[in-house]
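# Analysis of the macromolecular model
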Amino acid sequence: MRRVAVLLATALAGALTVPAVAAPAAGTFETSFTPAACGERVPIPVAVGETSLAVAAHATVPANDIVLHVFRNGASLGSADTLTTPEAYVATTLPPTAATDVVEAQVCPFNQPTTAPVAPYTVTGAYAWGSAPPLPSTRPEPEPDGKKTVRVTALDDVLIPWGAPGAGADVTFPEGTYDKAELVLHDHPDGDAFDRLLTVEVDGVEMLRVITPRVDYTTRWDVTPYLSLLSGGTHRVFVHEESYLGRGHVVSVDFLLHQAKKAPPVATVIEAPFNYAGLWPRNGGGCAGNVGDVNPAYAAHIDETRTFDLPAATEPVRSAMFYGYLTAHGCEEFWYSNLRPNPVRKVTFSIDGAPFADFVPTPYVYAFVGGDPNDPTWNAIDSVAWNTAQPVLADNGVYTGSGVVPPYVFDVTAQVRGLAPGAHTLSIRVENGNGVWFFSGQVLVAYGTGKP
C-alpha cells in the first residue's frame, strides 16, 4: 500500500528506540534533483554512539521516480529504490557512530522511469537514529503435524526491517504425492507498522494477499491450486511487505502438505505474466493521496498487457483457471466512496484481446486507523481502536478493517483449449482507474484426459 504517514518526520521519530542522550536523534531535511542529475548530498547530523539509522525521502510529485543514497564518511552505506516514492533506507547493525563521522543523504532520478519527471523536483526527507534491541521470538507454537501432514518452514521469525521491500528464502520442498496444501502466515508488527499490503509469492507467483492490522495475527490459507510449486525441488519463497512506521514486521511462513495416494488434477503449468505489479494510468490522471487529493476529471484509465508462453504438450488441456489478485491504493483506496468523484470502476480481463471477465471490483476496507504513537492525538485514538478493541477481536479471530484479500477466480478452460503453443497475452483494463492498483495475474493450466 506504500502509505506514508501524513507527518513523515514524526513517524520517523517514532520508528526507532532513541536514547535520550543521543542528540540530535531525529529531524527533517529538504533537497531536490533534476531529471538528468542527482541532487547535492545533504548532511545528516550525527547522534553519537548509535547503531541504527533510518532515512526516508518523499518526492513532492508522487509520480517522480527517485532513488535514495546514504553515505558515511564518503562511503556508501546503501540505497533504496522501490517503485516511485517514498524511498526508505534502514540499517540496524552499524558500527557505533562517532562525533567526527559525516553522514549524508542524496536523492537521484531513476535512470529508466516509466514516465518523465515532472516539476517541481523537490523532495522532503526525514531521519532517525537509534539502537535496535535484540528481536524477541514472536512465533506461536505450531500445532502438531498430522500423520499425513508434512510441514515445510520457509521463514522463521524473520525481520522485514523498516523500509525493506520484504524477505525471502530458497526453500527445498520434499518429493511426494499430495492432495492438499495450506499456507500458514504469522505476522508480528514490531512497532506501529500497521496497514501494510502483504503478499506471499513462490517463484514470483502470488498465493496470498493480506492487509495487515496493528496486532499479531495468524492466517491459514488453502494453496492447493499451486501444488506444482510446492512439491519437489527448490523454490524461492518471498514475503513482500513494506513498512514505513515502527521497526518493521517479524514474519513466519509454513506450508502444510497433506500426503495422499493420488494427486488431484491441479495445474502443471503456472503462467504469471503479472507478478505483483503496480499499475498506474498511462495517460491522464493526477491523484496521489487519499480523500483530499482527487482529480475530479478522472480523465484516465489503466490498460496493461503482458506476454505469457503456453508450452507444447502431448496431452489435451484438462482445465485452465485464472487467479487475479487486485487491490486499489493511494487515492483509489476509497474509490467507492461518495467523498470522491465516483464514475464506476470496471475491471476487464482478456486473453489475446478476447475478454473473459467483466466486473466491478470488490470494495475493501483497509486498516486505516493508526498514526505516530508519539503524537498525543494519535496515541489516544490508537489506544481505543487498536490497543484495546483490536487485540480482543484478534484473539477471537476477527480482524476489523484488515485480513485476507481473496483472488478473483475465473474458469478460462474454453479460451485456453483453443490456443496454440507459444506466446499469448494477458490484459487488464481498469475503467476510470486513476491511481495505483497492485495486481498479479496467473493462468493455471492442467493437462490430461477426463473432466476438468
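Our subject in this report is the structure included herewith.

Parameters and conventions
Residues numbered from 1 in each chain as written. Predicted model: local features only at pLDDT ≥ 70, side-chain atom pairs only at ≥ 80, totals over all residues. Heavy atoms only, no water. Pairing = 2+ DSSP bridges. Helix = DSSP H or I, 4+ residues; strand = E, 2+ residues; numbered from the N terminus. Axes fitted to C-alpha atoms, helices over the stretch in contact; angles between N-to-C directions. Salt bridge = Lys/Arg side-chain N within 4 Å of Asp/Glu carboxyl O. Buried < 20%, exposed > 50% of the residue type's maximum accessible area, 1.4 Å probe, protein only.

## Details of the sheet that holds strand 23 (residues 408-411)
Sheets are built from strands that pair by backbone hydrogen bonding, the pairs being arranged parallel or antiparallel. Reading across from one edge, 17-25-19-23 is the order of the four strands in this open sheet, with antiparallel pairing throughout. What marks the edges here is a single partner per strand, and that holds for strand 17 (269-279) and strand 23. Put simply, the sheet's adjacent strands are angled 15 degrees from each other on average, direction ignored. Of the strand pairs in this sheet, strand 17 and strand 25 (residues 437-447) are connected by seven bridges, and their pairing is antiparallel. Each bridged residue has a counterpart across the sheet, and for E271 the counterpart in strand 25 is V443.

## What about the pattern of salt bridges?
Evaluation of the coordinates by the stated rule reveals nine salt bridges. Here D101 ties to R72 by a salt bridge, and the two come within 2.7 Å at their closest N and O atoms. Of this pair, D101 sits in the loop between strand 6 (87-91) and strand 7 (103-109) while R72 sits in strand 4 (residues 66-72), placing them 29 residues apart in sequence. With relative accessibility at 13%, the residue R72 sits in the buried group. E431 is the salt-bridge partner of R429, the closest N and O atoms lying 2.7 Å from each other. The exposure class assigned to E431 is partly exposed, which follows from its relative accessible area of 28%. Here the salt bridges share partners, and the residues they tie into one network are D303, R429 and E431.

## Describing the sheet that holds strand 4
Strand order in the open sheet made by the four strands is 2-7-4-5, with antiparallel pairing throughout. Each edge of the open sheet is held by one strand with a lone partner, namely strand 2 (42-44) and strand 5 (75-80). For this sheet the average axis-to-axis angle between neighbouring strands, irrespective of direction, equals 30 degrees.

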